[in-house]
Amino acid sequence: MPENINCLSQDFKQKCYRANDIKRIFIPKSNGKQRPLGLPTVEDKLVQQSISQILQSTWEQEFMRNSYGYRPNKSAHQAVHSLGLNLQFKGHGYIVEADIKGFFDNLDHDWLMRMLKQRIDDVAILSLISQWLKARIKSPDGVFDKLSSSSPQGGIISPVLANGLKRK
C-alpha cells in the first residue's frame, strides 16, 4: 500500500495523474426504485478526500451555524435536534422542507465548472474536478458511458462541490 501512495504522489508531482473510470452500482430505495451510486477507485477517493479537505476548510467559514448538509461534524440527527428545540422554545409556526429531486443526477458540468471558477483560483484543482466529472461510468453490464451532467453519488467530492454552490 505505501508503494501505491508513493506512485500516486509521483503522478501528482509529475502532473500526470488522471481520474479513473467509475464503477456504477444500483442500490434499492424504499419506494421500489433504485439509486445509482458511482464508486471511484481507491486512488481517486484518496485524491478526492484531499481536495475535499482543502475546499471544505475554505468554504466552511461561509456557512451559517444552522446549515447541516454535507458538513464536517454536522449530522442529520443534529439538524433534527436543533429543529425540535427551535419549534419547542422559539414558537415557529411552520416548517419548510425542500429536496431537489435528482440533484446529483442532473448537475450540468459546464454550469458547475463556471460556478466553481468564481470561487476557486487554482487551475490544478479545477482540472481535477473536471476530470472527475468527465470520468467514464462503467455500468454493471460492462458498458461505458460519459455523462455531460451528474456528479456520482458515492464519490467523496460530489457533496463538497454541492456545498461550494451554497452562499450565506
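Residues numbered from 1 in each chain as written. Predicted model: local features only at pLDDT ≥ 70, side-chain atom pairs only at ≥ 80, totals over all residues. Heavy atoms only, no water.

A. Structural view of the overall build of the protein. Secondary structure assignment for the protein yields 6 helices and 4 strands. Each helix (α) and strand (β) of the protein, taken in turn from the N terminus, gives the series α-β-β-α-α-α-α-β-β-α. With respect to the three principal axes, the spread of C-alpha positions in the protein is 60 × 40 × 35 Å. Expressed as a percentage of its 168 residues, the buried residues of the protein come to 31%. Long-range contacts, defined here as pairs at least 24 residues apart, represent 64% of the contacts in the protein between residues at least 6 apart. Taken as a whole, the protein presents about 11500 Å² of accessible surface, with 54% of it coming from carbon and sulfur. Of note, the protein has its 24 positive side-chain charges centred 5 Å away from the centre of its 16 negative side-chain charges. (Helix = DSSP H or I, 4+ residues; strand = E, 2+ residues; numbered from the N terminus. Buried < 20%, exposed > 50% of the residue type's maximum accessible area, 1.4 Å probe, protein only. Contact = heavy atoms within 4.5 Å. Areas by Shrake-Rupley, 256 points an atom, 1.4 Å probe, with all protein chains shown as cover. Lys, Arg positive; Asp, Glu negative; His and termini not counted. Charge placed at Lys NZ, Arg CZ, Asp CG, Glu CD.)

B. Quick look at the sheet that holds strand 4 (residues 144–145). An order of 2-1-3-4 is seen for the 4 strands of this open sheet, with the pairing classed as mixed. If you trace the sheet from one side to the other, it starts and ends with strand 2 (34–39) and strand 4, each paired once. Across 2 bridges, the pairing between strand 1 (residues 22–28) and strand 3 (residues 137–138) is parallel. Considered in strand 3, the bridge of Ile22 is made with Ile137. (Pairing = 2+ DSSP bridges.)

C. Quick peek at the packing of helix 4 (residues 109–117) against helix 5 (residues 123–134). For the pair helix 4 and helix 5, the least separation of the axes is 11 Å and the interaxial angle reads 165°. Taken together, helix 4 and helix 5 sit at an angle that is classed as roughly antiparallel. Crossing of helix 4 against helix 5: the hand is right-handed. The residues of helix 5 that touch helix 4, namely those facing His109, Leu112, Met113, Leu116 and Lys117, are Leu126, Ile129, Ser130, Leu133 and Lys134. (Axes fitted to C-alpha atoms, helices over the stretch in contact; angles between N-to-C directions. Parallel < 35°, antiparallel > 145°, perpendicular 65-115°, else oblique. Left-handed = near helix turned anticlockwise from the far one by under 90°.)

D. Layout of the pairing of strand 1. The pairing of strand 1 with strand 2 spans 6 bridges and is classified as antiparallel. For Arg24, the partnering residue across the bridge sits in strand 2 and is Gly38. Linkage of strand 1 to strand 2, two consecutive antiparallel strands, is achieved through a turn of 5 residues, within which Gly32 is found at a positive phi near 95°.

E. Representation of the packing of aromatic side chains within the structure. This structure, assessed with the given rule, holds 1 aromatic pair. Between the aromatic rings of Phe12 and Tyr17, the centroid separation amounts to 5.0 Å while the plane-to-plane angle is 15°, which identifies the pairing as stacked. Taking NZ or CZ as reference, Arg136 lies 3.8 Å from the ring centre of Phe144, over its face. (Phe/Tyr/Trp six-rings, centres within 6.5 Å; stacked < 30°, edge-to-face > 60°. Lys NZ or Arg CZ within 6 Å of the ring centre and 35° of its normal.)

F. Quick peek at a nonpolar patch on the surface. Residues Ile5, Val42 and Leu46 make up a contiguous nonpolar surface patch of about 250 Å² in total accessible area. Inspection of the secondary structure assignment puts Val42 in helix 2 (residues 42–59). (Patch = residues over 30% accessible without salt bridge, like charges linked within 9 Å, V, L, I, M, F, W, Y side chains within 5 Å. Salt bridge = Lys/Arg side-chain N within 4 Å of Asp/Glu carboxyl O.)

G. Seen up close, the pattern of salt bridges. For the structure on display, the rule yields 1 salt bridge. Its salt-bridge partner being Asp21, residue Arg136 comes within 2.9 Å of it at the nearest N-O pair. Remark: Asp21 occurs in the loop between helix 1 (2–13) and strand 1 and Arg136 occurs in the loop between helix 5 and strand 3; sequence separation between them is 115 residues. With a relative accessible area of 36%, Arg136 lands in the partly exposed category. Among the residues examined, Asp21 registers a relative accessible area of 31% and is labelled partly exposed.

H. A look at the layout of surface pockets. Put simply, the second largest pocket is a space of about 190 Å³. Lining the second largest pocket, in full, are Asp11, Phe12, Lys15, Cys16, Tyr17, Arg18, Ala124, Ser127, Leu128 and Gln131. Every element with two or more residues in the lining of the second largest pocket is listed here: helix 1 and helix 5. Considering every element that reaches the lining of the second largest pocket, the biggest residue donor is helix 5, with 4 residues. Class assignment for the residues of the lining of the second largest pocket results in 5 nonpolar, 2 polar and 3 charged. (1 Å grid on protein atoms, 1.4 Å probe; cavity = no way out; pocket = protein on both sides within 12 Å on 5 of 7 lines; lining within 4 Å. Points joined across faces, edges and corners; volume = space filled by probe spheres on them. Nonpolar A, V, L, I, M, F, W, Y, C, P; charged D, E, K, R; others polar.)

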